[in-house]
Amino acid sequence: MKKVTEGLKAVAESVALCRPDVISAYPITPQTHIVEELAQIVADGKLKCEFINVESEFSAASTVLGASAAGARAYTATSSQGLLLMMEVLYNMAGMRLPVVITDANRAVSAPINIWSDWQDAITVRDAGLIMMYAEDNQDCCDMHYQAFKIAEDPEVQLPVMVNMDGFILTHAFDPIDFPSQADIDKYLPKFKPLDFLSANNPRSFGLMGGPDRYLETRYAMAETFKSITPVILKAADDFKKMFGRYSGGMIEEYRMEDAETVLVSMGSTISDLKEAVDTMREKGKKIGVLKIRILRPYPAAEIKQALSRCKRVICVEKAISLGGPGILAAELKSAIYSNANKPEVSNFIIGLGGRDVKQDHIFELVEKAEKGVCETEFIGLDMKLVEEMDK
Amino acid sequence: MTTQTAENVKLFNSGHTACAGCGLALAARLVLQATGPKVIVVNATGCLEVFTTRSPQTAWGIPWIHSLFENQAAVATGVEAALRALGRGDEARVIAWGGDGASADIGFGGISGMWERYDDVLYICYDNEAYMNTGIQRSGLTPFKGHTSTSPAGKVSLGNMKQKKNIPAIAVAHGLPYVATATVAYPKDLERKVKKAMEVRGPRYLQILVPCPLGWGHATSDTISMSKLAVETGLNPLFEYIDGKLATAMTVKQKPVEEYLKPQSRFKHLFRDAAGAEQIKLIQEIANSNFAKFKVEAVK
């Protein structure tokens, strides 16, 4: 049934359909409506679940870690500073192989303090051992959540999954959302059956110390797991399509790339902006397409390598920056295509940080610049008058 | 060390790697002896975690989890919530524990949150009065004028400048139904308090003084006598608060603080000169005020 719903509330309703046993979260803009809505759903008795208010995001992540270790399906949501405060727990959760699902409303990181959207928060935790999914629109985002629990809890995976949605651009946008029925979701996502959990009936120790004699092997096992996750992600989307008739999946997505000489690469809601710009440029005869990175971890290197084997020029459009380093998406992408016989030139641009609007003209501008020569970590949309004032 | 199986049901096994004379290992064994097997323990990072669970071995015969240094309270909240959500509430009670650093310093925010939420978790602070696992650094529970590696006695310093943070009082202020202190020299008292705590629902706090021969600088054979002297001098009063009211306090024959301080190298700088003697007087005042505060009549 389709219903016009705000992005965050749609996520809350989708999460509720997944019947989490324990939810714990802490308020932070622009995530807050998710947990408010879930709190209301629990308060109304529509979902039987322990909803735990805690005193920080650090404790929210720790609470769902404990709940997951005790065998519960557990969920939390956060954003920006909150995600960074969770960071230590996220590494631990992944290392302990606990299949928690986390929604991150992507937001800029302080300073200066800024509540608006970019990708800096989640990009910063990309090495923690989480599976990371990026939603293009709110239907995609809802569908990702059903799949996220399925992927996380797969016996071959057993890792936390983070679903990323751009703050405000998606979180606060109202869209018609198609919600599956509870009965269908119950069929798609049966009750969580943990491989192992804390129980007085089977006393086991969790979170042991791994010295130099074991740590390397433990991390190797995680790295190996990441190599085998792609089929699980693809199957979760295929099964979803079979049941709901809608394909919302893939590691990457190609848009108008069949004969593209130039390919714009990005993630999240920016993809919609790029697709619109590509349509306009196509009308003017430019051979250009878009490559969406839907799953950032495991990084779809093989898929990207294949997809970029024919084009002449790649333009990474990024909403995060590694200060003092190369563009993050661009650096990873370059390593993925390094062994291609045909190496396209790669430019990268930083746009939209801290909620700055990304306009169609910005996209035309960056394409034009990249066509003139390779650009490295170049900012687009700067107010040069303001830059000069700040210089003074 | 043995790997735990269902057949081997000892709750805390020998063969772990604690130092000789470790008060902490003794306390943990006494606690589990009192609780029995129907518990799930959340252990903060620290000595107890390190010396019991060097992978792939474990000393624990109860379900046990270690996550981080400072999240034991919130993890316990999650475990407890999961048991309720999954209809396994009768399976086990949840205990979170950590050292004085994990409890009074880095993890305190989480503990306060857990107390305020009134979660059904027994929190135990094993207090050996410094960060022993990392090499005897000062914590919020390091005693006044104690020498540690980050509050060293030197030419112009006589050790730790601050008195111990009063966590039991803070626990009482949170409205906890049960708050108590204990120490390993009085195992019956410790056992009784653990059992009492397990009878109560809601958040409970137990602070157990556990001598550390390495950190305190006393003979490994003196763990029990140091524990006893800490009580007898009044520096570590043993009491219980039930529903916010002082319910019991142990009556002891008061001994001068020097008897406790002298055998420990962490206080040896106080015995060098007149300046040190002045500090010992101040420590005696702390002990005296404890005696007055807990209305413990010193047996003369």
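Above this text sits the structure in question.
In this text, all values refer to a predicted model and were calculated from it rather than measured experimentally.

Colleague: Could you give an account of helix α3 (residues 72–85) of chain B, naming the residues involved and the relevant values?
Modeller: All names here are of chain B. Taking 1.5 Å per residue as the helical rise, α3 with its 14 residues ought to reach 20 Å, and the 20 Å between its terminal C-alpha atoms agrees with that figure. Counting buried positions along α3 yields 13 of 14 residues, so the element is predominantly enclosed. Phi turns positive, to about 70°, at Gly87, one or two residues after α3.

Colleague: If you had to explain the pattern of salt bridges to someone new, which residues and values would you point to?
Modeller: Side chains that differ in charge, positive against negative, can pair when their charged atoms come close. Residue and element names in this part refer to chain A. A complete count under the given rule lists 45 salt bridges over all chains for this structure. Between Lys275 and Glu136 there is a salt bridge, with its nearest N and O atoms 3.0 Å apart. Residue Lys275 is located in helix α10 (residues 270–283), and its partner Glu136 is located in the loop between β6 (131–134) and α6 (138–153); the two are separated by 139 residues in the primary sequence. Judged by its relative accessible area of 15%, Lys275 falls in the buried class. The partner of Lys187 in a salt bridge is Asp184, and the shortest N-O contact between them spans 3.8 Å. In this pair, Lys187 and Asp184 both sit in helix α7 (residues 182–188), three residues apart, roughly one turn of the helix.

Colleague: Break down the side chain of Glu240 of chain B for me, citing the residues and quoting the values.
Modeller: Residue and element names in this part refer to chain B. Relative to the assigned elements, Glu240 resides in strand β7 (residues 239–242). The exposure class assigned to Glu240 is buried, which follows from its relative accessible area of 2%. A polar contact of 2.6 Å, which involves the side chain of Glu240, links it to the side chain of Thr248. In this view, Glu240 contacts Tyr178, Val179, Ala180, Arg192, Lys193, Lys196, Lys245, Leu246, Ala247 and Thr248; residues no more than four positions away in its chain are not counted.

Colleague: How would you sum up the pairing of strand β8 (residues 245–249) of chain B? Please name residues and give values.
Modeller: The two faces of a sheet get side chains in turn, since along a regular strand they alternate between them. Residues and elements named next belong to chain B. As paired strands, β7 and β8 are joined by four bridges and run antiparallel to one another. Looking at the pairing, Glu240 lines up with Thr248 of β8. Between the antiparallel neighbours β7 and β8 lie two residues, among them Asp243 with a positive phi of about 50°.

Colleague: Which residues make up the side chain of Asn290 of chain B, and what values do they have?
Modeller: All names here are of chain B. Relative to the assigned elements, Asn290 resides in helix α11 (residues 274–293). Among the polar contacts listed, one links the side chain of Asn290 to the backbone oxygen of Gly234, at a separation of 2.8 Å. Discounting residues that sit within four places of it in the chain, Asn290 has contacts with Gly234, Leu235 and Pro237.

The rules behind the values
- Residues numbered from 1 in each chain as written.
- Chains lettered and ligands numbered in written order.
- Predicted model: local features only at pLDDT ≥ 70, side-chain atom pairs only at ≥ 80, totals over all residues.
- Heavy atoms only, no water.
- Helix = DSSP H or I, 4+ residues; strand = E, 2+ residues; numbered from the N terminus.
- Expected span 1.5 Å × (residues − 1).
- Buried < 20%, exposed > 50% of the residue type's maximum accessible area, 1.4 Å probe, protein only.
- Salt bridge = Lys/Arg side-chain N within 4 Å of Asp/Glu carboxyl O.
- Polar contact = N/O pair within 3.5 Å; in protein donor to acceptor, adjacent residues only side chain to side chain.
- Contact = heavy atoms within 4.5 Å.
- Pairing = 2+ DSSP bridges.

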